[in-house]
Amino acid sequence: QVQLVESGGGLVQAGGSLRLSCAASGRTFSTYTMGWFRQAPWKEREFVAAITWSGGDPYYANFVKGRFTISRDNAKNTVYLQMNSLIPEDTAVYYCAVSPRPFGRAVRDFLSWGPGTQVTVSS
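Parameters and conventions
Residues numbered from 1 in each chain as written. Predicted model: local features only at pLDDT ≥ 70, side-chain atom pairs only at ≥ 80, totals over all residues. Heavy atoms only, no water. Helix = DSSP H or I, 4+ residues; strand = E, 2+ residues; numbered from the N terminus. Buried < 20%, exposed > 50% of the residue type's maximum accessible area, 1.4 Å probe, protein only. Core = buried A, V, L, I, M, F, W, Y, C linked by side-chain atoms within 4.5 Å. Contact = heavy atoms within 4.5 Å. Phe/Tyr/Trp six-rings, centres within 6.5 Å; stacked < 30°, edge-to-face > 60°.

**Notes on unusual backbone geometry**
Despite not being glycine, Asn77 has its phi angle at roughly 50°, a positive value. Here Asn77 is to be found in the loop between strand S7 (68–73) and strand S8 (78–83). The exposure class assigned to Asn77 is partly exposed, which follows from its relative accessible area of 22%. Of note in this structure, Phe103 is not a glycine but carries a positive phi near 70°.

Right, here's the structure in full:
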């Protein structure tokens, strides 16, 4: 229903920052929540952060510990993930996803996915 394209990934040293962007197009009327997941090699896909589209209410995984901030620009149909104080454990492919429901944290709660963008944090 919704097409998603991530951008902003790359290589950064530990302690550095990146800002990821996700642009949505298509049937966005069915979107209630936009969020970010990540998946490291040989690991399951993991919830990172999400935000409700109309209310702008953010929520995060516990491991974020205040380092990441999610935001959205409704006019641009774009969600952002500002990542600060990055550590090597943050290395993963980061995926944008949308959900028709609020406050989901499971992969099954999100119905459309982008192709992902690689984030690599060196020590």
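**Quick look at the nonpolar core**
Formed by 33 residues in total, the largest nonpolar core has its most connected members in Met34, Trp36, Val79, Leu81, Met83 and Tyr94. Among the secondary structure elements, those contributing two or more residues to this core are strand S1 (2–7), strand S3 (18–26), strand S4 (33–39), strand S5 (46–52), S7, S8, strand S9 (92–99) and strand S11 (117–122). Here Val79 is in contact with Leu20, Ser21, Cys22, Met34, Trp36, Ile51, Trp53, Ile70, Ser71, Arg72 and Cys96, once residues within four sequence places are set aside.

**Looking at the packing of aromatic side chains**
Summed over all chains, the structure comprises six aromatic pairs. Ring geometry for Phe37 versus Phe110: centroids 5.0 Å apart, planes at 75°, classification edge-to-face. Of this pair, Phe37 sits in strand S4 while Phe110 sits in the loop between S9 and strand S10 (112–113), placing them 73 residues apart in sequence. Grouping residues by exposure puts Phe37 and Phe110 together as buried.

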